[in-house]
Amino acid sequence: MVLDYNQIKDKKDIIVYIGEINKVLSLLPEGMVDCIITSPPYWKQRDYKNPLQIGQENSYQEYINNLVNVFGRMKKILKPTGTFFLNVGYKYKSKELLLIPELLAVELQKNGWALLNKIIWFKPNAMPSSLDCRFSNVYEPIFLFVKEENKYNYYLSLDKLRLPISNLTIDRNPEDILGLEVKNSLLKENKLKGQVINIFKNSKGDIFAEVLWENKKTTIELVQDFSEESQLPVELVCQGCKKIIKNEMDINAHYICKEFPKPILPPQPDLSERIELKPSVLFPYINSLTKQSKRQDYKGKFKLSPDNRGASPGARKSLFGEYLVLQRRYKIFQSIIAEYLRFWRRNGGITTKEIDKLLGYRDTAGHWFRRDTGSWGRGGSIPLPNDWFRLKEILKFDALYDRWVTETHLVLQTVKPHPKGKNPGDVWSIKLQPFPEAHFATFPEELVKRCIEAGCPEGGVVLDPFAGSGTVGKVANDLGRNAILIELVPEYLNIIKKRCLNIREVIYVK
Ligand SMILES: C[S@@+](CC[C@H](N)C(=O)[O-])C[C@H]1O[C@@H](n2cnc3c(N)ncnc32)[C@H](O)[C@@H]1O
């Protein structure tokens, strides 16, 4: 008997097939299932006393082959966009861990399945073990596969599984950075911390912040628009041929030109014109500044403000991991800077070792003259703004690249959470749920729930080809999904019936 797909499509009901998996699969129409969730018998774990059973093969290689074949058949029944959650447990033989789940997963990868995840199902209430020859195994893997040919286009929704985020309000008002911690990462040693104590704008709309640093100095820093790139791209004009250089590729074409290309930078913002934003908000001192000694040294206008971390939204945000970083304002082509510095070093007739010595460094200056910025770390680098000016005193170069290399701005750093919550990750801690009626390990309902909510749209069809006690059917029904269950052993039907109240049909396949 063949199932009428259209009939079951809109009903949340269950069809149970009692029979051997391969035979049943050959009856099911192609592309009818949205999501497969299953746990086949583990190798040599439990004898289901049926000649057609899977799991009692002489070798685990044979067992893996059998499962690969079954899942190959099953693939046709899965929709192109469908998902397949496979749970297989570990087995030891002669003291050795066999890694059967992984070996099976690799075979499935070779047979048309794309592996998206190996989820670790950690069992916090796993059986205590008296073993003292190794660590006891307290997890099982759950592999999430999709069809290889559809690996860029499948159904998976994490929304129901997302974890709550502590920082829900990330609005983007410049005023809200008031009180936020600032880090200066542009210093070779002693990374400096500070705090925004004032925030201004000018009539052109530039935002800038007054930062009180740990060393008790205050500076005025430009704040990069939250919606813009953190480093601004810059075009250069070749002073020789007058052509524009937009990227590293263009630079190569200008090696024949004698002149250095000139960066086309926007006018410097006027920081003297200050319209204060949110002037009345109290600001908290950063921890190190609350120390009485430092506090007394600080002469700013908030000297008497109470130390209250909750006083400004910025302060609250800093508690949630938001802070500002002082970084270079422009993207710089390192090769151009290196070429320029080489020219001035040749002019000055000085070696990189001598430069290092003058600056009090070891093996640093050499990198500034190398043109190969490599991800392996031994390539060229651009001098930090402070070093640039110190180097300038030594090499006496002109001001051509001063602004490009040394201008900085503050960039908001934040771990951007998904607006609907955090990704739940691939380690799931789910307690084992003892189920006395079945003599084999049953799925905990929570585990099936997660798989269904992620892998099967509402009203869709879930398949468990090794149904056992029918946990998948029960949970699918609870969640408004249809289910197809396949089980070899007829005796288990009673358990399935008790758990799944919505069985529309039981079909025996001989
Ligand atoms: C580990 S149990 C599944 C337990 C299930 N996840 C649950 O929550 O109850 C594996 C099931 O596969 C069935 N099985 C074994 N060989 C089979 C075969 N060739 N065809 C169909 N089912 C088979 C066994 O009878 C057993 O009930």
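For clarity, every value in this text was computed on a predicted model and none was experimentally measured.

Asker: When you look at the site of the ligand in this model, what are you seeing that I'm missing?
Answerer: Around the ligand there are 23 residues in total, and Ile21, Phe466, Gly468, Thr471 and Leu488 lie nearest to it. In terms of residue class, the shell around the ligand is built from 15 nonpolar, six polar and two charged.

Asker: For this particular structure, what's the right way to read the sheet that holds strand E3 (residues 78–87)?
Answerer: Taken in spatial order, the nine strands of this open sheet run E18-E6-E7-E3-E2-E19-E20-E1-E21, and their pairing is mixed. Single-partner strands in this sheet number two, and they are strand E18 (427–429) and strand E21 (503–508). Ignoring which end each strand starts from, the neighbouring axes of this sheet average 20° apart. Two elements, strand E1 (residues 14–18) and strand E20 (residues 482–487), share five bridges in a ladder whose sense is parallel. Bridging across to E20, Tyr17 finds its partner in Ile486.

Asker: Could you clarify how one ought to interpret the packing of helix H13 (residues 445–455) against helix H14 (residues 471–478) in this entry?
Answerer: When two helices pack together, their arrangement is captured by the angle between the axes and the distance separating the axes. Where H13 contacts H14, the two axes come as close as 9 Å, and the packing angle between them is 60°. Viewed along their axes, H13 and H14 adopt a mutual orientation that is oblique. The element H13 and its partner H14 pack so that their crossing is right-handed. Contact residues: H13 offers Glu445, Val448, Lys449 and Ile452, while H14 offers Thr471, Val472, Val475 and Ala476. Grouping the amino acids of the contact of H13 with H14 by side-chain chemistry returns five nonpolar, one polar and two charged.

Asker: How should unusual backbone geometry be read in this particular structure?
Answerer: Leaving glycine out, the prevailing phi sign among residues is negative, and the prevailing peptide bond configuration is trans. For Asp363, which is not glycine, the phi torsion reads 55° and is therefore positive. Take Asp363: it is sitting in the loop between helix H9 (352–359) and helix H10 (365–368). On the basis of neighbour counts, which here come to 9 C-beta atoms within 10 Å, the residue Asp363 falls in the exposed class. Here the phi dihedral of Lys396 falls at roughly 55°; this positive angle occurs in a residue that is not glycine. In this structure, Lys396 sits in the loop between helix H11 (385–395) and helix H12 (402–406).

Asker: Sorry, what's going on with the sheet that holds strand E13 (residues 244–245) here?
Answerer: Strand order across the open sheet formed by three strands is E13-E12-E14, with antiparallel pairing between neighbours. Every interior strand has two partners, whereas the edge strands, E13 and strand E14 (262–264), have only one. As paired strands, strand E12 (residues 235–237) and E13 are joined by two bridges and run antiparallel to one another. Bridged to Val237 within E13 is Ile244.

About the criteria used
Residues numbered from 1 in each chain as written. Predicted model: local features only at pLDDT ≥ 70, side-chain atom pairs only at ≥ 80, totals over all residues. Near = placed C-beta within 6 Å. Nonpolar A, V, L, I, M, F, W, Y, C, P; charged D, E, K, R; others polar. Pairing = 2+ DSSP bridges. Helix = DSSP H or I, 4+ residues; strand = E, 2+ residues; numbered from the N terminus. Axes fitted to C-alpha atoms, helices over the stretch in contact; angles between N-to-C directions. Parallel < 35°, antiparallel > 145°, perpendicular 65-115°, else oblique. Left-handed = near helix turned anticlockwise from the far one by under 90°. Contact = placed C-beta atoms within 7 Å. Buried ≥ 20, exposed ≤ 12 C-beta atoms within 10 Å, placed from the backbone.

As far as function goes, none of this settles anything; it's purely spatial.
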